[in-house]
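Now for the letters of each chain:
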Amino acid sequence: MPATHETRQWTDPRWWRDAVVYQIYPRSFADGNGDGIGDLAGIASRVPYLKSLDIDAVWLSPFYPSALADGGYDVDDYRAVDPRIGTIEQFDTVVAALHDAGVRVFIDIVPNHSSNRHAWFQAALAAEPGSPERDRYIFRRGHGENHATPPSDWPGAFGGSAWEPVGDGWFYFHIFAPEQPDFNWDNPQVREDFLTTLRFWSDHGVDGFRVDVAMALAKDLSEPLPSAAELAAIPIGPTHPLYDRDEVDEIYAGWRGVFNEYDPPRVAVAELWAEPSPRKARYATEASLGQAFFFDLMHAGFSARRVHRAITDVLGWTAESGSAPTWVLANHDNVRQATRFGLPDVDSDDPWAGPDRDRRWLLTGGVDPVEDVALGRARAQAMAMLMLALPGSAYLYQGEELGLREVADIPAQARQDPIFFRSPGFNVGRDGCRVPLPWTSDGPSFGFGTGAAHLPQPAWFADYAVAREDADPDSTLACYRRALALRRQLRDMPGVGDEVTWLDRDDPQVLCFSRGPWVCLTNFAGAPAALLDGEILATSGELTDGLVPPATTVWLKR
Ligand code: TEU
Ligand code: CA
């Protein structure tokens, strides 16, 4: 008999290699005290739901004290809990409850930048140019008359300049919003402080860390700086001033030392977004962070050719590093997949048709073109089952198991994302995938809390409520529950390994692979496809006359 899941997970130090990790965006998950902001009490009350999903771990997006200039990715204090979200005691309680439920805990660590309210940044502002206080961040003198011109013409990732003046002729550097000053990782105090933070949370029982913007820590900003146009032409990698320099490896080797002080060793997953990226495998070795996010599947649309390519690429790169592959279809930075898959061109071969198209669609308030809701839903379920059949670990984003769609028509005055404020008329930002979850189909915020939610929920959220979907065997939630429960059994079934074998189908629009006896077939074509011999274990949609309808995945046992 193979070990049961419960016993395997808690004894195997390599539990993370095939884990399903569910991302919680704390402010939008569940509100325990009715102030409209999700919190730790809310998460505690939903532990039974999390357990019932058959996931292996949760990842909590930032819950630290923050002015929320960037949804909490602007951290005031790395070793505390935002009082609006809870207390450190509540944090301990939630971790213990999740562990009792067999669910591990990843937390988000944001090492590229602090918030501008962080004590170190406040000290830097108060100190002289050239002082040790300023050396923990990246200050450069302005150019031109009165030193009023920024050190370079580089744009920030959220729009506007990447340099902010501080009034004395000096500027500080920020990749993201001005409220997010970048740390200087050449400074030993910065390095030491993050090791302290990793130990702090590891001592509080955290099992793993999701490392924000992991490729940006090591920088070469020696002057003269290249122009923005020159910068854009430098490939991401060893010679790029900002991204994916070789020196990051040394930083994470230090982190690995801390992870290995614990039993079982703490684990980490690097967030870095350069696709395609063979160099990502470096972050995923067990001398470094152990895992890296591969977003290739998320960017492959609903195209058989591109999905096939993404899978073979990721499997190849991770084989090089000896790590486990990771798969992602959604997170808090992207248009929800039920919507993406319901928009035209998602099957196009142009990889950039996707994000650009999504952004343009959001600018129309979600009305042009009209979203094909049924098709988006079918495709999202088919892709989820395809992802969950792959070896390695899969990351789910809260609400995708409900088939939640993007909320496109959030009024300007309710928007929160700095991208909306810094790129007016060009990009409305990411609030539409961060709207608080509907738990019940009625109530002031659909069961999220007892009052209104911090981002407005549309009336149609009622149809996607957990309670309603739980009562419907054809719901997206039912599909996820079936697939997640089966995945747990199948990954331990004799003969099921990490080897993916592609099975040739006559139609290139039908992707079919096996892991030993476990076969996964997805029909990307517009017409029904023939089945294979074998026992049908699960389907993402109903079969018609023994054929697999378009936008449907089937799992079989042979
Ligand atoms: O995101 C990294 C990042 O740069 C992108 O995912 C970015 O959000 C996207 O290109 C904008 O369209 C991480 C976090 O996931 C994100 O929420 C934070 O805003 C960002 O870092 C800064 O901390
Ligand atoms: Ca609250």
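Values in this document were obtained by computation on a predicted structure and should not be read as measured data.

## With respect to the coordination of the calcium ion (ligand 2)
Taken together, the protein donors to the calcium ion (ligand 2) comprise Asp31 (OD), Asn33 (OD1), Asp35 (OD), Ile37 (O) and Asp39 (OD), at separations of 2.3 to 2.4 Å. We note that the donor set of the calcium ion (ligand 2) lies within a single chain, spaced as D-x1-N-x1-D-x1-I-x1-D. On the accessibility criterion, Asp39 (3% relative accessible area) is buried.

## Describing the sheet that holds strand E5 (residues 163-165)
Spatially, the 3 strands line up as an open sheet ordered E4-E6-E5, and their pairing is antiparallel. Unpaired on one side and paired on the other, strand E4 (139-141) and E5 mark the two borders of the sheet. Within this sheet the neighbouring strands show an average axis-to-axis angle of 35 degrees, counted without direction.

## Let's talk about the sheet that holds strand E18 (residues 552-557)
Read from one edge to the other, the open sheet built from 5 strands follows the order E12-E13-E14-E18-E16, with strand pairing classed as antiparallel. Both outer strands of the open sheet, strand E12 (501-502) and strand E16 (535-539), are each paired with one neighbouring strand and no more. Where E16 lies against E18, 4 bridges are found, and the strand directions are antiparallel. Looking at the pairing, Glu535 lines up with Lys557 of E18.

## Regarding the site of ligand 1
For ligand 1, the set of nearby residues contains 16 residues, the closest of which are Asp70, Asp212, His332, Asp333 and Arg430. Interatomic distance of 3.0 Å between a side-chain N/O atom of His113 and an oxygen atom of ligand 1. With respect to ligand 1, the side chain of Asp333 contributes an N or O atom lying 2.5 Å from an oxygen atom. Partitioned by chemical class, the residues of the shell around ligand 1 number 6 nonpolar, 3 polar and 7 charged.

## Looking at helix H8 (residues 248-259)
End to end, H8 covers 17 Å across 12 residues, agreeing with the expected 16 Å (1.5 Å per residue, within 8%). All of the buried residues in H8 are Val248, Ile251, Tyr252, Trp255, Arg256, Val258 and Phe259. Taken end-on, H8 shows its buried residues confined to a sector of 155 degrees, consistent with a single buried face. On its buried face, H8 is in contact with strand E3 (104-109), helix H6 (188-203), strand E7 (208-211), strand E8 (267-270) and strand E9 (290-292).

## A word on unusual backbone geometry
The residue after Glu223, namely Pro224, is reached through a cis peptide bond having omega 5 degrees. Within the secondary structure, Pro224 sits in the loop between E7 and helix H7 (228-233). Here the amide bond leading from Asp368 into Pro369 is cis, since omega sits at 0 degrees, within 30 degrees of zero. Along the chain, the position of Pro369 falls in the loop between helix H11 (353-363) and helix H12 (373-389). Located in the positive-phi region is Val213, a residue other than glycine, with phi close to 45 degrees. Looking at where Val213 falls in the secondary structure, it is placed in the loop between E7 and H7. A positive phi angle, close to 65 degrees, is found at Asp244, a residue other than glycine. Examined against the element boundaries, Asp244 turns out to sit in the loop between H7 and H8.

## Section: helix H9 (residues 304-321)
Between its first and last C-alpha, H9 extends 26 Å over 18 residues, near the 26 Å set by a 1.5 Å rise per residue. Elements that come into contact with the buried residues of H9 comprise strand E10 (326-328), H12, E12 and strand E13 (510-515). At the C-terminal side of H9, Gly322 shows a positive phi close to 75 degrees.

## Brief notes about the packing of H6 against H8
One way to put it is that H6 packs onto H8 with a least axis distance of 10 Å and a crossing angle of 30 degrees. Crossing of H6 over H8 shows right-handed handedness. From H6, Arg191, Phe194, Leu195, Leu198 and Arg199 reach across to H8, where they touch Glu250, Ile251, Gly254, Trp255, Val258 and Phe259.

## Examining the nonpolar core
Of all hydrophobic cores here, the largest spans 158 residues; its most connected members are Tyr22, Val58, Phe91, Ile107, Tyr252, Trp255 and Trp555. No other element matches H12, which puts 9 residues into this core. Core analysis: the next-biggest nonpolar cluster, separate from the first, contains 9 residues, Val510, Val519, Leu521 and Val554 among them.

## With respect to the packing of aromatic side chains
In the structure shown here, the tally under the stated rule is 43 aromatic pairs. Centre to centre, the rings of Tyr243 and Trp273 are 5.7 Å apart; their planes meet at 65 degrees, and the pair counts as edge-to-face. Taken as a pair, Tyr243 in the loop between H7 and H8 and Trp273 in the loop between E8 and E9 lie far apart in primary sequence, 30 residues in all. By relative accessible area, Tyr243 is classed as buried at 12%. With centroids separated by 5.1 Å and ring planes inclined at 75 degrees, the aromatic side chains of Phe420 and Phe421 adopt a geometry described as edge-to-face.

## Focus on the environment of Lys280
Among the structural elements, Lys280 can be located in the loop between E8 and E9. Exposure remark for Lys280: the relative accessible area of 0% places this residue in the buried category. Considered as a pair, Lys280 and Leu521 are 241 residues apart in the sequence and their alpha carbons are 28 Å apart. A polar side-chain atom of Lys280 sits 2.9 Å from the main-chain carbonyl oxygen of Phe293.

## Structural notes on the domain arrangement of the chain
Partitioning the chain into structural domains gives domain 1 (5-113 + 188-482), domain 2 (119-173) and domain 3 (497-557). Once you take the C-alpha centre of each, domain 1 and domain 3 turn out to be 28 Å apart. Counting residues at the interface gives 22 residues for domain 1 and 20 residues for domain 3. Overall, the association of domain 1 and domain 3 removes approximately 1,700 Å² of surface from exposure, summing both partners, and the carbon and sulfur fraction of that is 75%. Area buried by domain 1 at its contact with domain 3 is led by Ala304, Met385 and Ala389, which between them contribute 32% of it. In this assembly, domain 1 and domain 3 are joined by 0 salt bridges. Joining domain 1 to domain 3, the criterion identifies 4 residue pairs in polar contact (both at pLDDT 80 or more). When contributions to the side of domain 1 that touches domain 3 are tallied by element, the ones reaching two or more residues are H9, H12 and helix H15 (476-490). Here the element with the most residues in the side of domain 1 that touches domain 3 is H12; it accounts for 10 residues. A class-by-class count of the residues in the side of domain 1 that touches domain 3 yields 16 nonpolar, 4 polar and 2 charged.

Rules used throughout
Residues numbered from 1 in each chain as written. Chains lettered and ligands numbered in written order. Predicted model: local features only at pLDDT ≥ 70, side-chain atom pairs only at ≥ 80, totals over all residues. Heavy atoms only, no water. Donors = N, O, S within 2.8 Å, 3.2 Å for Na, K, Ca; no water. Buried < 20%, exposed > 50% of the residue type's maximum accessible area, 1.4 Å probe, protein only. Pairing = 2+ DSSP bridges. Helix = DSSP H or I, 4+ residues; strand = E, 2+ residues; numbered from the N terminus. Axes fitted to C-alpha atoms, helices over the stretch in contact; angles between N-to-C directions. Near = heavy atom within 4 Å. Polar contact = N/O pair within 3.5 Å; in protein donor to acceptor, adjacent residues only side chain to side chain. Nonpolar A, V, L, I, M, F, W, Y, C, P; charged D, E, K, R; others polar. Expected span 1.5 Å × (residues − 1). Arc of directions from axis to C-beta. Contact = heavy atoms within 4.5 Å. Left-handed = near helix turned anticlockwise from the far one by under 90°. Core = buried A, V, L, I, M, F, W, Y, C linked by side-chain atoms within 4.5 Å. Phe/Tyr/Trp six-rings, centres within 6.5 Å; stacked < 30°, edge-to-face > 60°. Domains from an automatic or database assignment. Buried area = accessible area lost by both parts, 1.4 Å probe. Salt bridge = Lys/Arg side-chain N within 4 Å of Asp/Glu carboxyl O.

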